[in-house]
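Summary of structural features
Here's the letter readout for the chains.
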Amino acid sequence: MKKQLMVAAIENGTVIDHIPAEKLFAVVNLLHLDRMKTAVTIGYNLPSEGMGTKSIIKMADKFFTDEELNQLAVICPNLTLCIIRDYEIVEKRTVCLPDELYSIVRCTNPKCITNNEPMHTHFHVDAQQHLKCHYCNTVIPLEDVKLVEKGNEN
Amino acid sequence: MQNPHHSVSIMEKKSLVTIADHSREKIEYLIQMAEEFERHPNRRILEGRVVATLFFEPSTRTRLSFETAANRLGARVIGFADPKVTSGTKGETLKDTIMMVSNYADIIVMRHYLEGAARYASEIAPVPIVNAGDGANQHPSQTMLDLYSIYKTQGRLDNLDIFLVGDLKYGRTVHSMLNAMYHFHPTFHFIAPEELAMPETYKTFCHEHGIRYVEHTDFDADVISGADILYMTRVQRERFTDLMEYERVKDRYLLKLPMLAKARPNMKILHPLPRVNEIEYSIDENPHAYYFEQARNGLYARQALLCDVLGITLEQVKNDKTIIE
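None of these values were measured; they are calculated from a predicted model. (Residues numbered from 1 in each chain as written. Chains lettered and ligands numbered in written order. Predicted model: local features only at pLDDT ≥ 70, side-chain atom pairs only at ≥ 80, totals over all residues.)

Moving on: the pairing of strand β5 (residues 161-165) of chain B. All names here are of chain B. With four of its five residues buried, β5 lies for the most part within the structure. With five bridges joining them, β5 and strand β6 (residues 187-191) adopt parallel strand pairing. Considered in β6, the bridge of leucine 164 is made with phenylalanine 190. Bridge count between β5 and strand β8 (residues 229-232): four bridges; the pairing is parallel. (Buried ≥ 20, exposed ≤ 12 C-beta atoms within 10 Å, placed from the backbone. Helix = DSSP H or I, 4+ residues; strand = E, 2+ residues; numbered from the N terminus. Pairing = 2+ DSSP bridges.)

And the structure:
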């Protein structure tokens with residue numbers, strides 16, 4: 001079968017490939033892509049040999065800080081990103097979970113102050129990749145994490 | 001005009017949110033300070049200071065204890081005991097209340113029904129915060145008075161056999177006790193119905209910190225004979241999902257006089273109060289009973305905590321010339 005490029009190449013920017021298909025919109029929200037002024041190409045439910053289906057995001061002229069990108073590890077651990085310059089991949093990076101997470105994750109404890117006051121959330125990440133609420137000490141396994149709803153972050 | 005103590009408070013601001021923030025040395029230091037206050041509880045060392053007690057959730061014992069501590073040291077006290085009188089009911093945020101009161105007071109003692117409220121308040125307030133309980137989370141002044149009571153009755157904190165009885169699942173005081181005592185090589189004994197057993201996270205904490213513990217389901221004279229401290233808590237009906245289970249176990253964790261027959265001479269019974277029926281009233285006169293003295297120790301422990309967060313040192317307390325004989 002003839003190989004076909006399903007999403008157009010970009011000259012400069014960042015490509016996030018091999019996103020589990022169902023995680024696409026969480027990634028879009030986390031990176032605030034709706035606020036971007038440059039071209040963003042999004043592929044959803046694309047066929048993937050390794051994953052069955054996958055999603056891909058290509059962001060023209062956009063480069064993130066390590067801190068911004070590492071937040072992605074909360075929803076997609078071990079995600080790989082490509083930095084593109086002049087149509088070439090100049091760097092590949094794997095995201096890793098940061099030690100502290102601010103305004104990314106919602107506390108699951110309804111009696112936590114962060115769910116009752118207009119304020120940021122703050123979690124500490126331990127070696128077992130468990131998240132501990134800085135305020136109420138609730139511990140959340142990574143697989144049970146819920147993200148702060150868009151517009152509610154402070 | 002600016003609050004005259006603000007510049008000092010900001011410079012030396014050190015809130016008390018959880019006892020887990022304190023080292024062994026710091027706990028011993030605060031115990032020494034509490035001893036000084038027990039010797040001379042009436043002073044003017046906080047004269048000119050204003051202490052705010054903000055009780056977003058009613059707690060008469062804790063509030064009276066803090067207010068007595070402040071009053072006996074010469075401070076003046078403002079605040080509220082009933083959340084219905086605050087603007088919180090009008091939709092004011094905690095932040096706004098804290099920022100407003102910080103303009104008036106040198107220190108805020110705060111009880112709140114939400115967990116993490118004290119940590120948050122300590123981050124935003126320009127004055128020190130003392131956590132007087134935040135939901136099911138932390139209650140460090142209770143822990144401090146428990147430690148002071150253990151120290152006073154046993155003469156030490158190291159290498160004690162501490163028996164925790166009753167509701168070990170939701171009991172805030174017993175969890176804080178684990179956090180604070182791990183510095184002192186205790187052996188804990190957990191005595192609870194299955195439904196209210198010590199949660200796995202705290203047992204993991206014990207493993208990680210090398211704290212020995214034994215679990216019991218029986219509660220009788222033979223078990224009690226191994227205790228230096230018998231820390232009783234209330235088994236509350238509303239904690240049970242299965243009320244049949246409550247009916248089965250509710251009387252199994254009541255302390256009765258004959259159960260003290262084999263107790264060590266130094267053994268003391270503690271209880272954070274209020275008691276409902278978990279300690280038989282006839283025990284009140286027994287030399288092992290210590291829960292009322294324990295409550296009085298709360299006064300001295302809280303005097304120490306208030307002074308410490310206001311930047312007053314043990315040395316200053318020892319050399320205090322404001323003692324009222």
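Residues and elements named next belong to chain B. Counting 116 residues, the largest nonpolar core has Ile107, Ile108, Leu164, Leu230, Tyr231 and Leu306 as its most contacted members. At eight residues, the largest contribution of residues to this core is made by helix α11 (residues 291-309). Apart from residues no more than four positions distant in its own chain, leucine 306 is found in contact with Val51, Ala69, Ala70, Ile107 and Val130. (Core = buried A, V, L, I, M, F, W, Y, C linked by C-beta atoms within 7 Å. Contact = placed C-beta atoms within 7 Å.)

All names here are of chain B. One open sheet accounts for five strands, arranged β7-β6-β5-β8-β9; its pairing is parallel. Looking at which strands have only one partner, the edges of the open sheet turn out to be β7 (212-216) and β9 (268-270). Taking the axes of each pair of neighbouring strands and ignoring which way they run, one obtains an average angle of 20 degrees across the sheet. Bridge count for β8 against β9 is three bridges, and the pairing is parallel. In the sheet register, tyrosine 231 faces β9, and the bridge partner there is leucine 270. (Axes fitted to C-alpha atoms, helices over the stretch in contact; angles between N-to-C directions.)

Here the focus is the environment of valine 28 of chain A. Inspection of the secondary structure puts valine 28 of chain A in helix α1 (residues 24-30). Between the C-alpha atoms of valine 28 of chain A and isoleucine 42 of chain A, which are 14 residues apart in sequence, the distance is 9.3 Å.

Residue and element names in this part refer to chain B. Taken together, the four strands give an open sheet; going across it, the order is β2-β1-β3-β4, and neighbouring strands pair in parallel fashion. If you trace the sheet from one side to the other, it starts and ends with β2 (76-80) and β4 (129-134), each paired once. Averaged over all pairs of adjacent strands, the angle between strand axes in this sheet comes to 15 degrees, irrespective of strand direction. Direction of pairing for strand β3 (residues 107-112) relative to β4: parallel, over a ladder of four bridges. Note that in β4 the partner of histidine 112 across the bridge is aspartate 134.

The next subject is the packing of helix α2 (residues 24-39) of chain B against α11 of chain B. Residue and element names in this part refer to chain B. Contact pair α2 / α11: the axes reach a minimum separation of 8 Å and the direction vectors enclose 115 degrees. The hand of the α2/α11 crossing is right-handed. Contact residues: Leu30, Met33, Ala34, Phe37 and Glu38 in α2; Tyr300, Ala301, Gln303, Ala304, Leu305, Cys307 and Asp308 in α11. By residue class, the composition of the contact of α2 with α11 is nine nonpolar, one polar and two charged. (Left-handed = near helix turned anticlockwise from the far one by under 90°. Nonpolar A, V, L, I, M, F, W, Y, C, P; charged D, E, K, R; others polar.)

This next bit is on the environment of leucine 255 of chain B. All names here are of chain B. Secondary-structure assignment places leucine 255 in the loop between α10 (243-249) and β9. C-alpha separation for the pair leucine 255 and alanine 221, spaced 34 residues apart in sequence, amounts to 9.8 Å. Among residues more than four places away in sequence, those in contact with leucine 255 are Met232, Ile269, Glu278, Ile279, Glu280 and Ile283.

Attention shifts here to the interface of chain B and chain A. On the chain A side, the residues contacting the twelve residues of chain B number 15 residues. Of all the elements in the fold, those that place two or more residues in the side of chain B that touches chain A are α4 (94-102) and α5 (117-124) of chain B. The dominant element in the side of chain B that touches chain A, judged by the number of residues it contributes, is α5 of chain B, at three residues.

The subject of this paragraph is helix α8 (residues 200-208) of chain B. Every α-helical turn comprises 3.6 residues, leaving residues that sit three or four positions apart pointing alike. Among the nine residues in α8 of chain B, zero count as buried, and that is only a small part of the element. In the stretch just after α8 of chain B, glycine 210 of chain B is the one whose phi turns positive, near 65 degrees.

Residue and element names in this part refer to chain B. What the domain assignment reports for chain B is domain 1 (6-138 + 298-318) and domain 2 (141-295). Taking the mean C-alpha position of each, domain 1 and domain 2 sit 27 Å from one another. Between domain 1 and domain 2, the contact holds 17 residues from the first and 15 residues from the second. Of all the secondary structure elements, the ones that give two or more residues to the side of domain 1 that touches domain 2 are α2, β4 and α11. Residues belonging to the side of domain 1 that touches domain 2 are distributed by class as follows: twelve nonpolar, two polar and three charged. (Domains from an automatic or database assignment.)

Here the focus is the domain arrangement of chain A. Residue and element names in this part refer to chain A. Taken domain by domain, chain A consists of domain 1 (13-94) and domain 2 (100-147). On a C-alpha basis, the centroid separation for the pair domain 1 and domain 2 is 24 Å. Contacts between the two partners involve four residues from domain 1, matched on the other side by five residues from domain 2. Of the residues contributing to the side of domain 1 that touches domain 2, the split by class is three nonpolar, one polar and no charged.

All names here are of chain B. With their axes 8 Å apart at the nearest point, helix α6 (residues 140-154) and α11 run at an angle of 115 degrees to one another. The two elements α6 and α11 cross, and the hand of that crossing is right-handed. The segment α6 lies against α11, with Ser141, Met144, Leu145, Tyr148, Ser149 and Lys152 engaging Gln294, Asn297, Gly298, Tyr300, Ala301, Arg302 and Leu305. Broken down by class, the residue content of the contact of α6 with α11 amounts to six nonpolar, five polar and two charged.

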